[in-house]
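# Commentary on secondary and tertiary structure
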Amino acid sequence: MRIVDLPTVREVIRLTTNMYRLGWDERNGGNVSVIIDPEEYQNYLPENPIRVFHFTFDATELIGKVFVVTGTGKYFKNVEVAPESNLGIVRIGKDGHSAELLWGFEDGGAPTGEFPSHMMSHIARLRIDPKHHVVMHCHATHTLALTYVLPPDEDEITRTLWRMSTECIVVFPEGVGYLPWMLCGGNDIGLATAKKAEHYRVVLWGAHGVFGMGETIDEAFGLLETVEKSAQIYFLTQGHVRQSITNDQLKELAEAFHVNYKKII
Ligand code: 2HA
Ligand code: ZN
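Sequence positions are assigned chain by chain, starting from 1 and proceeding in written order. Here every chain gets a letter starting at A, and every ligand a number starting at 1, in the order they are written. Owing to the predicted nature of the model, reporting of local features is limited to residues with pLDDT of at least 70; listing and counting of side-chain atom pairs is limited to 80 or more, with chain, interface and lining totals taken over all residues. Hydrogens and waters are ignored; side-chain quantities use all the structure's heavy atoms.

## Here's the deal with a negative patch on the surface
The residues that make up patches have over 30% relative accessible area and no salt bridge, and they are joined within 9 Å when like-charged or within 5 Å when they are Val, Leu, Ile, Met, Phe, Trp or Tyr. Residue exposure ignores everything except the shown protein chains as possible cover, and the areas themselves are Shrake-Rupley values with a 1.4 Å probe. Salt bridge criterion: a side-chain nitrogen from Lys or Arg within 4 Å of a carboxyl oxygen from Asp or Glu. Within this scheme the basic residues Lys and Arg register as positive and the acidic residues Asp and Glu register as negative, but His and the chain ends are omitted. For this purpose, a charge sits on NZ of Lys, CZ of Arg, CG of Asp or CD of Glu. On the surface, Glu11, Asp218, Glu219 and Glu225 cluster together into a patch of negative charge. A total of three residues in the negative patch trace back to one element, the largest contributor, which is helix α9 (residues 217-237). Within the element layout of this structure, Glu225 appears in helix α9. Secondary structure counts use DSSP, requiring at least four H or I residues in a row for a helix and at least two E residues in a row for a strand, with both numbered from the N terminus.

## Quick look at the site of ligand 1
Think of it this way: one heavy atom of a residue within 4 Å of a molecule or strand is enough to make that residue near it. Close contacts around ligand 1 come from Asn28, Gly29, Gly30, Asn31, Glu114, His137, His139 and His208, and that covers them all. N or O atoms within 3.5 Å of each other form a polar contact, as long as, within protein, one can give a hydrogen and the other can take it, and as long as residues adjacent in sequence are counted only when both atoms are side-chain atoms. In this structure, an oxygen atom belonging to ligand 1 sits 3.0 Å away from a side-chain N or O atom of His139. Here His208 contributes a side-chain N or O atom positioned 3.0 Å from an oxygen atom of ligand 1. When isolated, ligand 1 has an accessible area of 220 Å², and the protein chains bury 84% of it. Residue classes follow a fixed rule: Ala, Val, Leu, Ile, Met, Phe, Trp, Tyr, Cys and Pro count as nonpolar, while Asp, Glu, Lys and Arg count as charged, and any other residue, Gly among them, counts as polar. Residues of the shell around ligand 1, tallied by class, amount to no nonpolar, seven polar and one charged.

## Here's the deal with the sheet that holds strand β9 (residues 209-214)
Judged by pairing direction, the sheet is mixed, and its nine strands sit side by side in the order β2-β5-β4-β3-β1-β6-β9-β8-β7 without closing on themselves. Bordering the open sheet on either side are β2 (51-54) and β7 (177-179), each of which pairs with just one other strand. Strand-to-strand twist of the sheet, defined as the mean angle between neighbouring strand axes without regard to direction, takes the value 25 degrees. The pairing criterion for strands is at least two bridges between them, as found by DSSP. Alignment of β2 against strand β5 (residues 98-104), held across four bridges, turns out to be antiparallel. Pairing of His54 across the sheet is with Ser98, part of β5. In this description, a line fitted to the C-alpha atoms serves as the axis of each element, helices being fitted only across the stretch in contact, and the angle between N-to-C directions of two axes falls anywhere from 0 to 180 degrees.

Note that all results are geometric; they support no functional claim without further evidence.
Below, the structure is given as structure tokens:
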């Protein structure tokens, strides 16, 4: 099998293509990183790296882990037609401060500028959930717009999203995290995002976009689709609302679906 045909690589190609088509990833917006398990890559990836990227944050907990990751400055629109230059497969080096390129970035590219946020969030999620695999970031339109109009308060944002669609409290009972605007692309926003990832699988970045995390691509993508749909319903109904989901109904849903929801209603 060619490396580009590994199931996780194929899934990342499909994911980025779908995200682009949804309008979530204009230009070079958005980035994805997904853990590939050894059973999947062991007979295909080379042992020796093609190139090595160095970073300043501590990724000791990820040493030896292998990721499919989108490239810095790359356009999701183009992943499908040229995966071998828009995607890379990297392994975290033994020093915990490097990423060893094993495949991809054929035109000299490098991992996403949001690599710190991705890796630090992987660390946080893996501590909670050993089956965790996926971190994805995008500029989902209505979700991003929501960060301009709701109070900068994650409980208020969570309640609003829960009320906009019946499935929400079941899909993300823990709520969503929110970070006010920060400079993107560095260790500071990475640390802040990873801190939120200790409690949430969705983290909104004010005036920028959203991170979604999960055990599988379907789960992380489905989570962001659900959040985005709910944010869209919010804007469609603003100024027109006659009735909405009540707190009692939210509690009834949480009980019926046996989810441990954040007690903010
Ligand atoms: O890669 O979305 O957050 C472009 C971005 C940065
Ligand atoms: Zn972004």
